[in-house]
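Here are the chains, one letter per residue:
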Amino acid sequence: MVVYDVGKHALQNITKHMQEYEVVARNHQNSGRRPSKSHNYEDVCAVLHFISNYSQEVGIPQSAASRCRDGDAPVYLPSDSTNIAMHKAYQDSCAEMTPPTRVVKYSTFNNIWRSCVPHIKIASPREDVCATCERLRKAVSDALRKRKN
């Protein structure tokens with residue numbers, strides 16, 4: 001048997017494994033275990049609960065999903081809110097709970113948001129318009145169209 005680029009200790013481990021178990025694939029000791037940095041179900045549920053409650057309070061739901069997208073209709077949060085401000089509000093709400101809930105970090109908060117509730121979005125200033133503004137914009141565009149004809 002010829003083995004290249006393997007250290008002495010690794011080669012000793014391979015031969016010891018072959019003597020004990022014959023020619024069988026070696027399994028890692030941590031196989032089947034949960035990673036130490038993974039988040040439990042309650043943490044994820046707390047984030048989702050916060051985001052959905054916040055979107056129900058201040059969000060602007062749209063009537064239907066956009067054209068090339070299936071699924072839930074988007075809910076736009078006001079354009080003056082940011083992901084960092086949302087995470088700060090989430091931290092404050094976790095501290096006020098009895099008993100205090102464990103807080104996830106900012107990147108995890110964003111990952112959970114993006115993967116579980118992608119239809120809840122922060123509106124860009126262009127999308128953040130009220131019904132009156134939208135009606136006036138449409139009236140201006142109709143007037144311009146009539147003027148060209």
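Residues numbered from 1 in each chain as written. Predicted model: local features only at pLDDT ≥ 70, side-chain atom pairs only at ≥ 80, totals over all residues. Heavy atoms only, no water.

**Concerning the overall build of the protein chain**
Point 1. Summing up its helical and strand segments, the protein chain has five helices and three strands in all.
Point 2. When the helices and strands of the protein chain are read in sequence order from the N terminus, they spell out α-α-β-β-α-α-β-α.
Point 3. In the protein chain, which comprises 149 residues, the proportion classed as buried is 17%.
Point 4. Total accessible area on the protein chain stands at roughly 12200 Å², and carbon and sulfur atoms take up 54% of it. (Helix = DSSP H or I, 4+ residues; strand = E, 2+ residues; numbered from the N terminus. Buried < 20%, exposed > 50% of the residue type's maximum accessible area, 1.4 Å probe, protein only. Areas by Shrake-Rupley, 256 points an atom, 1.4 Å probe, with all protein chains shown as cover.)

**Some remarks on helix α3 (residues 83-96)**
Point 1. The end-to-end C-alpha distance of α3 is 20 Å, a good match for the 20 Å that 14 residues give at a rise of 1.5 Å each.
Point 2. Here α3 has its buried residues at M86, H87, Y90 and C94. Within α3, the buried residues cover an arc of 100° as seen down the axis, which keeps them to one side. Those residues of α3 that are exposed and angled more than 90 degrees off the buried face are I84, A95 and E96.
Point 3. Residues of α3 that are buried in the fold lie against α2 (41-58), β2 (75-77) and α4 (106-116). (Expected span 1.5 Å × (residues − 1). Arc of directions from axis to C-beta. Contact = heavy atoms within 4.5 Å.)

**Structural notes on the sheet that holds strand β1 (residues 60-61)**
Point 1. Here we have three strands laid out as an open sheet, ordered β1-β2-β3, and mixed in their pairing. The open sheet terminates on both sides in strands that have one partner only, identified here as β1 and β3 (120-122). (Pairing = 2+ DSSP bridges.)

**Observations regarding the layout of surface pockets**
Point 1. Roughly 150 Å³ of volume is contained in the second largest pocket.
Point 2. In this structure, the second largest pocket is lined by N13, K16, H17, E20, R26, N27 and Q29. (1 Å grid on protein atoms, 1.4 Å probe; cavity = no way out; pocket = protein on both sides within 12 Å on 5 of 7 lines; lining within 4 Å. Points joined across faces, edges and corners; volume = space filled by probe spheres on them.)

**A few points about the nonpolar core**
Point 1. Counting 14 residues, the largest nonpolar core has V47, I51, Y90, F109, W113 and I120 as its most contacted members.
Point 2. Sorting the residues of this core by element identifies α2, β2, α3 and α4 as the ones contributing at least two each.
Point 3. Not counting the four nearest positions on each side in its chain, I51 is found in contact with F109, W113, V117 and I120. (Core = buried A, V, L, I, M, F, W, Y, C linked by side-chain atoms within 4.5 Å.)

**Considerations on the pattern of salt bridges**
Point 1. Applying the stated criterion across every chain yields a total of four salt bridges.
Point 2. Connected through salt bridges with shared partners, the residues K138, D142 and R145 form a single ionic network. (Salt bridge = Lys/Arg side-chain N within 4 Å of Asp/Glu carboxyl O.)

**Here we look at the packing of aromatic side chains**
When we look at a pair of aromatic rings, we describe it by the centre distance and by the angle of the planes.
Point 1. Considering all chains together, one arrives at four aromatic pairs under this definition.
Point 2. Judged by centre distance (6.0 Å) and plane angle (25°), the rings of F50 and Y54 are stacked. Within this pair, F50 and its partner Y54 are both found in helix α2, separated by four residues, close to a single helical turn.
Point 3. Through successive ring pairs, a cluster of aromatic residues spans F50, Y54, Y90, F109 and W113. (Phe/Tyr/Trp six-rings, centres within 6.5 Å; stacked < 30°, edge-to-face > 60°.)

**Side note on the side chain of D43**
Point 1. Position of D43 relative to the elements: it lies in helix α2.
Point 2. Owing to a relative accessible area of 4%, D43 belongs among the buried residues under this scheme.
Point 3. Side-chain polar atoms of D43 contact the side chain of R102, separated by 2.7 Å.
Point 4. Aside from chain neighbours lying at most four places away, what touches D43 is Y90, R102 and V104. (Polar contact = N/O pair within 3.5 Å; in protein donor to acceptor, adjacent residues only side chain to side chain.)

**Brief notes about the environment of S81**
Point 1. Relative to the elements of secondary structure, S81 occurs in the loop between β2 and α3.
Point 2. Classification of S81 by relative accessible area gives buried; the value is 8%.
Point 3. With sequence-adjacent residues up to four places away left out, S81 is seen in contact with Y54 and I122.
Point 4. A distance of 2.7 Å separates the side chain of S81 from the backbone oxygen of P78, its partner in a polar contact.

Scope: geometric values only; no functional claims are made or implied.
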